[in-house]
Amino acid sequence: MINLSGIVKTYPGSSGPVHALKGVSIQVNSGEIFGVIGKSGAGKSTLIRCINMLEKPTVGTVVVDGQELSSMSERDLRDARKKIGMIFQHFNLLSSRTVYDNIAFPLELVGWDKKKIEDAVLPLLDLVGLSDKRNQYPSQLSGGQKQRVGIARALASRPKVLLCDEATSALDPQTTQSILELLKDINKRLGLTIVLITHEMQVIKQICDRVAVIENGVIIEQGPVIDLFAKPETTTTREFIRTIINYDLPDIFKDTAFSPVPLTDSHLIVRVSFLGKAAKEPIIASLIRHCNVDVSILFGNIDHIQNIPFGTLIIEVTGDTTSMQSALNYLEARELGVEVIGYVKRDALAIS
Ligand SMILES: Nc1ncnc2c1ncn2[C@@H]1O[C@H](COP(=O)(O)OP(=O)(O)OP(=O)(O)O)[C@@H](O)[C@H]1O
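Residues numbered from 1 in each chain as written. Predicted model: local features only at pLDDT ≥ 70, side-chain atom pairs only at ≥ 80, totals over all residues.

As annotated in an unreviewed UniProt entry, the chain carries the name Methionine ABC transporter ATP-binding protein and comes from Anaerosporomusa subterranea. Looking at the Sequence similarities (unreviewed entry) heading of the UniProt record, one finds this comment for the chain: "Belongs to the ABC transporter superfamily." (UniProt positions renumbered as here; feature names shortened; annotations may be inferred.)

See the structure below:
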């Protein structure tokens, strides 16, 4: 549905050019919710604005629904943009227009008559749960209600793609939840493709199918959300995951010096992540049986990512060096995320 290929965006800056995007390529499939996460200044807004050409890439091609936007004239672009709705962090509503008139606005611009507009707007008001607020003005609405108006307005021209630019960043957690549920609902009901940018991993975890992590204008990791949680490959991704899943080592490791290699009389400390079916398998019991090691569970946690169980364990493996290595091989050969925290001398742990 969306294909960004080799996107470079360079802005002129007072102290030299700013390289906001340095060769970004992403593909978004039809009907999926695709998230882009990154820290402030990473290039998220620039990237999402390149999809509807609000920012023109310096280099690269943008194809949406089979049309190459990056080579279109302004006139063709205006038509093509009707397929792409957008919502914003600060809603961008017209304060002098009612809820109804805000949603009707894009349809008035393209010259629809009153009756046709009413037939389009009333179901949208119902869809976003604002039928009783149709005559209110934006100043009379809560943040969540304003974003609902933004969503209805974006859907008025029946787009195939909805771009969400930090759509929940100005909302409290409860309202964020309800807006995310609404986005998921319209994605399912209307088969709408959604691209969202955010700096909150909770948003990605809650509604995205796939995610790209952007840093300094480069996509450093991308894939299904579940895979990213199970096997994050970069420090930045791990940091984002840590904001919602506690990855801190238990207190007993406070001030512990870990060795990357086995020492005489040392234990192996490993973090193991389980996903889906693997979360239900008796991994620890089979590890002990197969590898002639003892295993203690030091920390355990189970969470759900889009209804798929996702568990984390920190285990201490005790045995001779060969057995510890075979235990590690055994874990790594399974559908698990395995992160070696290190080896510690037996007397180094606070509980030893
Ligand atoms: N119009 C512009 N002119 C010059 N530099 C710009 C312009 N827009 C963005 N930049 C720069 O490009 C880089 C990427 O900015 P962008 O707004 O895309 O990042 P972001 O990830 O969305 O950040 P934030 O989360 O803070 O909004 C930053 O260094 C920013 O200062």
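Next comes the rest of the description.
K.L.:
For the packing of helix α5 (residues 143-155) against helix α6 (residues 173-190), give the residues involved together with the corresponding values.
P.N.:
α6 packs onto α5 with a crossing angle of 20 degrees between their chain directions and a minimal axis gap of 9 Å. What the angle tells us is that α5 and α6 run roughly parallel. In this structure, α5 meets α6 at a crossing whose hand is right-handed. Within the contact between the two elements, α5 uses Gly143, Gly144, Gln147, Arg148, Ile151 and Leu155 and α6 uses Thr175, Ser178, Ile179, Leu182 and Ile186. Across the contact of α5 with α6, the residue classes tally to five nonpolar, five polar and one charged. (Axes fitted to C-alpha atoms, helices over the stretch in contact; angles between N-to-C directions. Helix = DSSP H or I, 4+ residues; strand = E, 2+ residues; numbered from the N terminus. Parallel < 35°, antiparallel > 145°, perpendicular 65-115°, else oblique. Left-handed = near helix turned anticlockwise from the far one by under 90°. Contact = placed C-beta atoms within 7 Å. Nonpolar A, V, L, I, M, F, W, Y, C, P; charged D, E, K, R; others polar.)

K.L.:
How would you summarise the site of the ligand if you had to cite specific residues and measurements?
P.N.:
Close to the ligand lie 13 residues; Tyr11, Ala20, Ser40, Ser45 and Thr46 are nearest. Counting residues per element, the ones that place at least two in the shell around the ligand are β2 (18-28) and α1 (44-51). In terms of residue count, the dominant contributor to the shell around the ligand is α1 (three residues). Classifying every residue of the shell around the ligand gives four nonpolar, eight polar and one charged. (Near = placed C-beta within 6 Å.)

K.L.:
Residues and numbers for α1, please.
P.N.:
The buried fraction of α1 is high, at six of eight residues. Listing the buried residues of α1 in full gives Lys44, Thr46, Leu47, Ile48, Cys50 and Ile51. Immediately beyond the C-terminal end of α1, within one or two residues, lies Met53, with a positive phi of roughly 65 degrees. (Buried ≥ 20, exposed ≤ 12 C-beta atoms within 10 Å, placed from the backbone.)

K.L.:
Explain the sheet that holds strand β10 (residues 218-224) to me, and be specific about the residues and the numbers.
P.N.:
Taken in spatial order, the six strands of this open sheet run β6-β7-β8-β3-β9-β10, and their pairing is mixed. The open sheet has two free edges, formed respectively by β6 (84-88) and β10, since each of these has just one partner strand. Direction aside, the axes of adjacent strands within the sheet are offset by 15 degrees on average. Sheet topology note: the β6/strand β7 (residues 161-165) ladder contains five bridges and is parallel. What sits directly across from Gly85, in β7, is Leu162. (Pairing = 2+ DSSP bridges.)

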